[in-house]
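Descriptive analysis of the structure
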Amino acid sequence: MRLPRRPRLLLPVAIALVAIVALFFLFSGFYTDYLWFDATNYTSVFTGVLLTQIVLFLVGAVLMVGIAGGNMLLAFRMRPMFGPAMFGGGSGADRYRMALDPHRKLIFIVGMGLLALFSGSSFAGQWQTWLEFVNGASFGKQDKLFGLDISFYMFDYPFIRMVLNFLFTAVIISIVLAAITHYLYGGFRLQSPGVHASRAARTHLSVLLGVFLLLKAVAYWFDRFGLVFSDRGFVNGASYTDVNAVLPAKTILAIIALICAALFFAGVVRPGGMLPGVSAGLLVLSAILIGGVYPALVEQFQVKPNQQGKEAAYIQRNIEATREAYNVDKTEVETYQAESDPAKVQKDGDTSVSGVRLLDPALVSSTYEQTQRIRGFYSFGDTLDVDRYPDSTGKLIDHVVGVRELTGPPEGQNNWINRALVYTHGYGFVAAPGNQVDTSGQPAYDAKDMPVTGPLATTTKLREPRVYFGEAPAGDDYVIAGGNPKNPQELDYPKTTGTGQENTTYTGGGVQVGSFVNRLFYAAKYGEANILLSGDINDNSKILYVRNPRDRVQKVAPFLTLDGNPYPAIVDGRITWIIDGYTTSNDYPYSQSESFGDMTRDTSTDRRVIAQQPTDKINYIRNSVKATVDAYDGTVKLYGWDTNDPMLKTWSKAFPGVIRPASEMSADLRNHVRYPEDLFKVQRYTLSRYHVTDPAAFYNGTDFWNVPGDPTQGDKNIKQPPYYLTTTMPGPGATPTFSLTTTFVPRQGGANLSAFMAVDSSNGSGYGRLRILRMPSNPPIPGPGQIQNAFQSRLAGQLNVMGVGSSSLRYGNLLTLPYAGGLVYIEPVYVQTTAGGGQEPYPILQRVLVSYGSKIGVAPTLDGALREVFGGPQEQQKPPTDQQATVPNQANSALNTAIANAKKAYEDAQKALQASPPNWDAYGEAQKRLEEALKALEGSNVQQPTPSATPSTTPSATPSASPPATPSTSVSPSPTPTGSQAGGTS
């Protein structure tokens, strides 16, 4: 029964409509991508990558269809004229042939289309391999095994392997499809006593198998060069077994594969299956014996009994290549006795450690959040950044900096208009000197509030504080800005008084979204009809998306691996994100391959929140590019930093004009360039082993190091992060330098300090200078974990009294610095408490701990703690008398109780004052208890010995009812909210 004409047309019409809609959405993705690249002035990247992918797709699709489809058609044309009858009757294949034969053209077209799609997509995905192959620059260095330029392994060898893999796949698919076709159409039959095949089928399959073996011979030959990446030996790279057993075996197997291919081709003219069978068996047997058994015997009976001697030359190659590939071959290693003599420092009159950063960027983020967030829809990053800015005298000081970013509309107001048109950007740059706090223990901001005020904002001439592009989650969403210049509707910042707000209109770059066509495609892209219908969008409107700085750089430079920590800086009066870009590879011969994520993971890094790199394994890295993203208009600039990097030269040739010369960087930008964290982490991971350059010592591993666990965290298996700080390395004419520092401890047991490493991170001739101070094994130098234990055990009485009630102690970053011939450890201690007014707890700096040699000091200020360790005219202390030394332990208990009571009374008094309105009755009662506690404290002190020079028994500052005025670096006994804190949080 035939269907009526109209219902029969519905199916093709429906299919056509679905295809049109699918093509529309597919085209909208390409078109909006092009508009984005055009708006960022990187269309050359878009077109370059797209055209390369299209060409590779077509080449891969045509070759695969030509090879596989051609062989399938050839098998069909070579079918026996009389079909299955030539072998004496039908078979089980007949019913399949009868079912498929009427639809064979459709099946062939659909099958070849799918094969073309998958093979073309796979080939197009290798566009980076192709561009590196055709644009590869010479390294000017040869490998030690074959004497070939490193560029052959970095650029040529991966492409050769890609082509061979593609051809192998095509030939295997051809063999399978040809065999199926021959079987279906009677070319051969599986029947007793064996396989019966027509001459045409036998010839066809013999040629295909011969081609496969020919490719195998070529693969065996090029496998020889792949031995420089072998992991068979003690380290990566060709080992003794690889060079003396596997290398000749690969050569022999290549020759055998050629012979076997010739035997298969001979089967074309000589009927029978003996020659192909013999050749197949010969290749399999040779691969097992020569390629597998022989190298295993050499490894077991020659290498393992004397591995150190046999592998010494190859370990040496690995050491040299690894140090070159990770750019640590020029690291300076020197012995540092670390003789800590506080008396000598006191005699020399030097009791200061210049530029020590007390604020911990990982802890004070919540302090910035509570005191400078202003409104609940703003936020700061979980970990702030460290940069350098001048103080009032022009001296560069380490600053802890953050950007006030937008998280989105307030709860209950999260509609499309607010989300896309009103709440479009963050506002403001917040900074504080790292070595100062105010009288309440909070950061002494020199850039703060909305609008931005403070001396830093003035000296840097910050003229554009708006942040349309940032790291906050809102940066993953689009906004439409700039549409109402005469009637601004974009929230700029809330007014400081009243309930009003200042509005603004965006004037930067972006994708014009005023036209109907663009609005239509973006409505399709985001599935949002309001983009097409809203009357607030006009010819001035611009849609801003891909607003995360890291994602933005990755999109315009997909060939780079990016650092996980972009940081903001005020550059030429504008907030600018600076991102370090790396060229990485896993194809440097003899270099040790490691996981990039494993090498960079520590307490400051969570790789789960960072986009995964295309390849996690690397054995080569260079900081080749410094990238910037303007926080206001999103302008992306890429500057070539390591001009000697052949990979940078390669990509510069592939995308001409995309990477600018470093000479175009402004002086202000250069002042904020710093050595990248991820590169330093990779290099410290490498140097934990590859500081050893003697093969025998490397094999024994007795001098290998580890990065210590972070002593301030509960999990000791998590590495301590490196720290940016200004430090002075030993040496003649040494000056304080902005550096990135880390420490090492022995790998085999013990927590003593093995070495201290620093890299010059300041812009200048010394930038990138890696130095390692190697500590003596005897006498042992305490490591960070031991120092942390000493702090907590010897100062427990003084520190624990600050963590009573609702307060808790938070230990900041434990800094290690070479100082006066020894090592000084400095650690800030924070009290995390709630200041009232509905605010969440946040840490406030209350104490500074210092250790030098065997002495430990604690005080509210760094200067005070240093004086406790080194002594000084203001704090000369006498040794205890014998009578004082025998005071009963009960005195200590009474003293601690008195201190606790005094602190509790003081905190109660402060809470009474902070109440709204102030509770004067409670305040008076707390003052009485405070007076009683102070009297008890005075009575207990009468029986106490005079504090000795050893600060571990020195009590903390006695709280008083009216704390005296202190300088900007001092800390009061309890936090007092600032004006912005008390009224600035919504």
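Scanning the chain from terminus to terminus reveals 29 helices and 33 strands. Per-residue burial for the chain yields a buried fraction of 50% across its 986 residues. A separation of at least 24 residues holds for 70% of the contacts in the chain among residues at least 6 apart in sequence. Here the chain displays about 43700 Å² of accessible surface, and carbon together with sulfur accounts for 57% of that area.

The end-to-end C-alpha distance of helix H9 (residues 274-303) is 40 Å, a good match for the 44 Å that 30 residues give at a rise of 1.5 Å each. By the largest-angle criterion, Val293 marks the main kink of H9, which is about 30°, and a proline, Pro295, follows within four residues. Within H9, burial applies to Leu275, Pro276, Ser279, Leu283, Ser286, Pro295, Val298, Glu299 and Val303. Looking at the buried side of H9, the elements it contacts are helix H7 (199-223), helix H8 (240-266) and helix H10 (307-325).

Position of Leu406 relative to the elements: it lies in strand S7 (residues 405-406). Residue Leu406 is classed as buried on the basis of its relative accessible area of 7%. Taking the C-alpha atoms as reference points, Leu406 and Phe469, 63 residues apart in sequence, are found 9.8 Å from one another. With near-sequence residues (within four places) excluded, Leu406 lies in contact with Phe377, Tyr378, Tyr423, Thr424, His425, Gly426, Ala472 and Ala474.

Let us now look at helix H5 (residues 127-135). Of the positions making up H5, those classed as buried are Trp127, Thr129, Leu131, Glu132 and Asn135. Elements in contact with the buried residues of H5: helix H2 (43-77), helix H4 (104-124), helix H6 (150-184) and helix H19 (646-654).

Another point: the packing of aromatic side chains. According to the stated counting rule, one finds 52 aromatic pairs in the structure shown. Ring centres 5.3 Å apart and planes at 85° place the aromatic pair Tyr468 and Tyr632 in the edge-to-face group. Taken as a pair, Tyr468 in the loop between strand S10 (466-467) and strand S11 (479-481) and Tyr632 in the loop between strand S21 (620-630) and strand S22 (636-640) lie far apart in primary sequence, 164 residues in all. A relative accessible area of 7% places Tyr632 in the buried class. Centroid distance Tyr526 to Tyr545: 6.1 Å. Interplanar angle 80°. Geometry classified as edge-to-face. You can see Tyr526 sitting in helix H15 (residues 516-526) and its partner Tyr545 sitting in the loop between strand S15 (542-544) and helix H17 (549-556), a full 19 residues away along the chain. Owing to a relative accessible area of 5%, Tyr545 belongs among the buried residues under this scheme. Put simply, the rings of Phe146, Phe152, Tyr153, Tyr157, Phe222, Phe225 and Phe229 pair up and form one aromatic cluster.

Generally, phi is negative for residues other than glycine and the peptide bonds are trans, each holding for most cases. The omega torsion of the bond from Met450 to Pro451 falls at -10°, within 30 degrees of zero and hence cis. You can see Pro451 is positioned in the loop between strand S9 (429-433) and helix H14 (455-459). Residues Asn778 and Pro779 are joined by a peptide bond in cis, for which omega reads 5°. Here Pro779 shows up in the loop between strand S28 (770-774) and helix H23 (784-794). In this structure, Tyr590 takes a positive phi of about 70° despite not being glycine.

Here we take up the side chain of Thr331. In this fold, Thr331 is placed in the loop between H10 and strand S3 (332-335). Only 2.8 Å separates the side chain of Thr331 from the backbone oxygen of Val328, close enough to count as a polar contact.

The subject of this paragraph is the sheet that holds S11. Reading across from one edge, S11-S15-S14 is the order of the three strands in this open sheet, with antiparallel pairing throughout. Strands at the two margins of the open sheet, each flanked by one partner only, are S11 and strand S14 (511-512). The pairing of S14 with S15 spans two bridges and is antiparallel. Looking across to S15, one finds that Val511 is bridged to Ile543.

Right, let's talk about the confidence of the model for the chain for a bit. Taken as a whole, the chain shows an average pLDDT of 84; of its residues, 83% reach a score of 70 or greater. For the chain, the element scoring lowest by mean pLDDT is helix H29 (residues 979-983), at 35; S22 scores highest, at 98. Considering only residues more than four positions removed or in separate chains, one finds that residues 873-889, a stretch of pLDDT under 50, has 17 contacts. Scored below 50 in pLDDT, residues 940-986 shows 119 contacts in the model against residues more than four places distant or in partner chains.

A large share of strand S6 (residues 396-403) lies buried, amounting to seven of its eight residues. Both strand S5 (residues 385-390) and S6 contribute to a ladder of six bridges, which runs antiparallel. Bridge pairing in S6 links Val386 to Val400. Where S5 folds back on S6, the antiparallel hairpin that results is connected by five residues, among which Gly394 adopts a positive phi of roughly 90°. Bridging between S6 and S9 involves five bridges; their strand directions are antiparallel. Across the sheet, Val403 pairs through a bridge with Phe429, a residue of S9.

Okay, the pairing of strand S32 (residues 842-852) next. Counted residue by residue, S32 has eleven buried out of eleven residues, so it is predominantly covered. Two strands pair when backbone bridges link them, and strand S31 (residues 822-833) and S32 are joined in this way by ten bridges, in the antiparallel orientation. Each bridged residue has a counterpart across the sheet, and for Val831 the counterpart in S32 is Ile844. One ladder, built from five bridges, connects S32 with strand S33 (residues 855-859); its direction is antiparallel. Within S33, the position partnered with Tyr852 by the bridge is Lys855. The loop that links S32 with its antiparallel partner S33 comprises two residues; one of these, Gly853, has a positive phi angle of about 65°.

It is worth spelling out the sheet that holds S6 at this point. Pairing is antiparallel across the open sheet formed by three strands, whose spatial order is S5-S6-S9. Each edge of the sheet is formed by a strand with only one pairing partner; in this case those strands are S5 and S9. Taking the axes of each pair of neighbouring strands and ignoring which way they run, one obtains an average angle of 40° across the sheet.

With that settled, the discussion passes to the packing of H10 against helix H21 (residues 677-690). Relative to each other, H10 and H21 sit at 155°, their axes nearing to 11 Å. In terms of orientation, H10 and H21 fall into the roughly antiparallel class. For the crossing formed where H10 meets H21, the hand is left-handed. Residue-level contacts link Asn318, Ile319, Thr322 and Arg323 of H10 to Thr686, Leu687 and Tyr690 of H21.

Time to look at the packing of H6 against H7. H7 packs onto H6 with a crossing angle of 160° between their chain directions and a minimal axis gap of 10 Å. Between H6 and H7, the angle falls in the class roughly antiparallel. Seen along the crossing, H6 lies across H7 with a hand that is left-handed. Taken together, the residues of the contact of H6 with H7 break down into 20 nonpolar, three polar and three charged.

About the cut-offs
Residues numbered from 1 in each chain as written. Predicted model: local features only at pLDDT ≥ 70, side-chain atom pairs only at ≥ 80, totals over all residues. Heavy atoms only, no water. Helix = DSSP H or I, 4+ residues; strand = E, 2+ residues; numbered from the N terminus. Buried < 20%, exposed > 50% of the residue type's maximum accessible area, 1.4 Å probe, protein only. Contact = heavy atoms within 4.5 Å. Areas by Shrake-Rupley, 256 points an atom, 1.4 Å probe, with all protein chains shown as cover. Expected span 1.5 Å × (residues − 1). Bend = angle between axes of the 7 residues up to and from the residue. Phe/Tyr/Trp six-rings, centres within 6.5 Å; stacked < 30°, edge-to-face > 60°. Polar contact = N/O pair within 3.5 Å; in protein donor to acceptor, adjacent residues only side chain to side chain. Pairing = 2+ DSSP bridges. pLDDT = per-residue confidence, 0-100. Axes fitted to C-alpha atoms, helices over the stretch in contact; angles between N-to-C directions. Parallel < 35°, antiparallel > 145°, perpendicular 65-115°, else oblique. Left-handed = near helix turned anticlockwise from the far one by under 90°. Nonpolar A, V, L, I, M, F, W, Y, C, P; charged D, E, K, R; others polar.

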